[in-house]
Amino acid sequence: MSHFKPIRQVAVIGTGVIGASWAAFYLAKGLDVIATDVAPDAEAALKKYIDNAWPALESLGLTPGASQMRLYFTTDLPEAVKGVDLVQENGPERLDFKQKLYGQLDALLPPEVIIASSSSGLPMSQIQLGAPSHPERCVIGHPFNPPHLMPLVEVVGGEKTSEHTILRAMDFYASLGKETVRINKEMPGHVANRLQAALAREVYYLVSEGILSAGDVDKALTAGPGLRWGIMGNMMLNHLGGGPGGIEHFLQQFAGPLKTSWGSLGSPELTPEVQKKLIDSVHEEVGSRSIEELAAERDELLIGLLKLRANLA
Ligand SMILES: NC(=O)c1ccc[n+]([C@@H]2O[C@H](COP(=O)([O-])OP(=O)(O)OC[C@H]3O[C@@H](n4cnc5c(N)ncnc54)[C@H](O)[C@@H]3O)[C@@H](O)[C@H]2O)c1
């Protein structure tokens, strides 16, 4: 049982790609959601998104009391945040925009209300400069797209974020079934995107050098290490890779070879020519399949894997 003040009503600011998915997730978890966005037709687009996401959320299991009827939409910011316990901010990824918005939120909200930003890359220390009264309640709660399916939330504070805010945000996300990681120091791109970037660098290098096709590099990942990464991470798999001797034996055996292969990793320049090579190779891999077909295939397998993980937990 959490000792933090309960969070029952959430404001979702910005209902684009990420905000709409967060709204669907919070509704599925039985929360009241007030959403706001300035785009024309934002309300209709949000409702359509939630409607489409709902069958997947139902199949993963709705919290008792969860309902799409618990969504309220307004274009008025003060109305959107009135009485809420937490704000999930998903506005455009621009520092000037976020600082101005945080200034408005800081003036509107009582100090105990957490303002969590989905920002993929802006440091909270910079964003919270816009909220001079209570910067300690501002924190990054960075999801993985789409947040209504992907469990990961990276939590990182800025220089002025309080420990209490970080712990309360982590407790909140975890209480909804999210897998949280706490990042102890602000890093450009947080952490999960850096891991993707490290891998993408080598993938683009291998394909651009013609060492293998996009289809084959994707096969090498999804039939090889990628299949295991959805189950255990790099560190735990290294422990298993050492056999009965575990991580100690693994490092003893592979520290040398790893260092040698790091020395040969690529660092491609993404020139227009290199990009064309990558694009052509991806289209060869895709063939006649549409984006919708591929997304449906990805989501079906992802939901199956999430259910399997939930059953085994
Ligand atoms: N797209 C991703 O894969 C992804 C993943 C994780 C985190 N993020 C982060 O989430 C945030 C949103 O990204 P996105 O991809 O959803 O962008 P997006 O462009 O799809 O959505 C941004 C939304 O904010 C709205 N908006 C603009 N001004 C506003 C205002 N004054 N009040 C309310 N709403 C306003 C826009 O109309 C738009 O709907 C960014 O900080 C981004 O870094 C994105």
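Thresholds applied
- Counting restarts for each chain: residues are numbered from 1 in the order of the written sequence.
- Where local features are concerned, this predicted model is filtered to residues with pLDDT of at least 70; where side-chain atom pairs are given and counted, the filter is 80 or more; whole-chain, interface and lining totals use all residues.
- Processing note: side-chain calculations cover all non-hydrogen atoms of the structure and skip hydrogens and water entirely.
- A pair of strands is treated as paired once DSSP finds two or more bridges between them.
- Going along the chain from the N terminus, every DSSP run of H or I of four or more residues is numbered as a helix, and every run of E of two or more is numbered as a strand.
- Helix axes are fitted to C-alpha atoms over the stretch in contact, other axes to C-alpha atoms as well, and angles between N-to-C directions run from 0 to 180 degrees.
- Note on contacts: a residue pair qualifies if any of its non-hydrogen atoms lie within 4.5 Å across the two residues.
- Nonpolar cores are built from buried Ala, Val, Leu, Ile, Met, Phe, Trp, Tyr and Cys residues. Side-chain atoms within 4.5 Å join them into one set.
- Accessibility here uses a 1.4 Å probe with only protein chains present; expressed as a share of the type maximum, an area under 20% marks a residue as buried, one over 50% as exposed, and anything in between as partly exposed.
- Each patch groups residues whose relative accessible area exceeds 30% and which form no salt bridge, using 9 Å between like charges and 5 Å between nonpolar side chains of Val, Leu, Ile, Met, Phe, Trp and Tyr.
- Using a 1.4 Å probe, the Shrake-Rupley method yields the accessible areas, and only the shown protein chains count as cover for residues.
- Criterion for a salt bridge: a side-chain nitrogen of Lys or Arg within 4 Å of a carboxyl oxygen of Asp or Glu.
- A residue counts as positive if it is Lys or Arg and as negative if it is Asp or Glu; His and the chain ends are not included.
- Positions of charges follow a simple convention, taking NZ of Lys, CZ of Arg, CG of Asp or CD of Glu.
- In this text, near means that some heavy atom of the residue lies within 4 Å of the molecule or strand in question.
- The term polar contact refers here to a pair of N or O atoms within 3.5 Å; inside protein, the definition further demands a hydrogen-donor-capable atom paired with an acceptor-capable atom, and it admits residues adjacent in sequence only when both atoms are side-chain atoms.
- Each residue gets one of three labels, nonpolar for Ala, Val, Leu, Ile, Met, Phe, Trp, Tyr, Cys and Pro, charged for Asp, Glu, Lys and Arg, and polar for the others, Gly among them.
- Domain start and stop points were drawn from an automatic or database domain assignment.
- Values labelled buried area give the accessible surface lost by two parts on being combined, using a 1.4 Å probe and summing over both.
- When the strands point away from the viewer, a crossover counts as right-handed if the route from the first strand across the helix to the second turns clockwise.
- Detection works on a 1 Å grid of protein atoms alone, calling trapped sets that fit a 1.4 Å probe cavities and calling open sets with protein on both sides within 12 Å along at least five of seven lines pockets, with lining residues defined by an atom within 4 Å of a point.
- Grid points are joined across faces, edges and corners, and a volume is the space filled by probe spheres set on the points.

### Structural notes on the sheet that holds strand 8 (residues 179-182)
Taken in spatial order, the 8 strands line up as 3-2-1-4-5-6-7-8 in an open sheet, and their pairing is mixed. Of all the strands in the sheet, just strand 3 (71-73) and strand 8 have a single pairing partner and so form its edges. In this sheet, neighbouring strand axes are inclined to one another by 25 degrees on average, regardless of whether the strands run parallel or antiparallel. The sheet contact formed by strand 4 (residues 86-89) and strand 5 (residues 114-117) spans 4 bridges and is parallel. From the neighbouring strand, L86 faces strand 5, where its bridge partner is I114. Packed onto the sheet, helix 1 (residues 17-28) meets strand 1 (9-13), strand 2 (32-36), strand 3, strand 4, strand 6 (138-143) and strand 7 (152-157) and runs at close to 165 degrees relative to strand 1. Contacting strand 2 and strand 3, helix 2 (residues 42-60) runs over the sheet at an angle of about 160 degrees to strand 3.

### A short note on the nonpolar core
Ranked by size, the top nonpolar core spans 34 residues in total, and within it V10, Y26, L46, I50, F172 and Y173 carry the most contacts. The set of elements that each furnish at least two residues to this core consists of strand 1, helix 1, strand 2, helix 2, strand 3, strand 5, strand 7 and helix 6 (163-175). Of all hydrophobic cores here, the second largest spans 22 residues; its members include Y102, L122, I127 and V156.

### Things to note about a nonpolar patch on the surface
On the surface, I231, M232, M236 and L240 cluster together to form a nonpolar patch covering roughly 410 Å² of accessible area. Inspection of the secondary structure puts M236 in helix 10 (residues 234-241). The exposure class assigned to M236 is partly exposed, which follows from its relative accessible area of 48%.

### Points about a negative patch on the surface
Among the surface-exposed residues, E292, E293, E297 and E300 lie close enough to one another that they form a single negatively charged patch. Along the chain, E293 turns up in helix 13 (residues 291-312).

### Comments concerning the site of the ligand
Near the ligand, the surroundings consist of 21 residues, among which I18, D37, E93, K98 and S120 are the closest. One of the side-chain nitrogen or oxygen atoms of K98 is found 2.8 Å away from an oxygen atom of the ligand. Between S120 and the ligand, the recorded distance is 2.9 Å, taken from a side-chain N or O atom to an oxygen atom. Taken together, the residues of the shell around the ligand sort by class into 8 nonpolar, 10 polar and 3 charged.

### With respect to the environment of E284
Here E284 shows up in helix 12 (residues 272-286). With 70 residues separating them in the primary sequence, E284 and A214 have C-alpha atoms 8.0 Å apart.

### Focus: the domain arrangement of the protein chain
We note that the domain assignment places domain 1 (9-183) and domain 2 (192-312) within the protein chain. Using only C-alpha atoms to locate each centre, domain 1 and domain 2 end up separated by 30 Å. On the side of domain 2, 9 residues touch domain 1, which itself brings 12 residues to the contact. By the criterion of area lost to domain 2, the three top residues of domain 1 are L60, F144 and L149, representing 47% of everything that side buries. Where domain 1 packs against domain 2, one counts 1 salt bridge. Between R309 and E179 there is a salt bridge, with the nearest N and O atoms lying 3.9 Å from each other. Here domain 1 and domain 2 share 1 residue pair in polar contact (both at pLDDT 80 or more) between them. Looking at the side of domain 1 that touches domain 2, the elements with two or more residues in it are helix 2 and strand 7. Sort the elements by how many residues they give to the side of domain 1 that touches domain 2 and helix 2 lands first, with 3 residues. Grouping the amino acids of the side of domain 1 that touches domain 2 by side-chain chemistry returns 7 nonpolar, 3 polar and 2 charged.

### A short note on the pairing of strand 8
Alignment of strand 7 against strand 8, held across 4 bridges, turns out to be parallel. Counterpart to V153 in the pairing with strand 8 is T180. Handedness of the strand 7-helix 6-strand 8 crossover: right-handed.

### A look at the layout of surface pockets
Sizing a probe to match a water molecule and rolling it over the atoms shows the empty space that remains. Taken as a whole, the second largest pocket encloses approximately 500 Å³ of empty space. As for the second largest pocket, its lining consists of 19 residues, and the residues nearest its centre are K29, L60, G177, L306 and A310. Residue assignment for the lining of the second largest pocket shows that the elements contributing at least two residues are helix 1, helix 2 and helix 13. Of all the elements, helix 13 adds the most residues to the lining of the second largest pocket, at 4 residues. Classifying every residue of the lining of the second largest pocket by side-chain character gives 11 nonpolar, 3 polar and 5 charged. Split by domain, the residues of the lining of the second largest pocket number at least three in each of domain 1 (9-183) and domain 2 (192-312).

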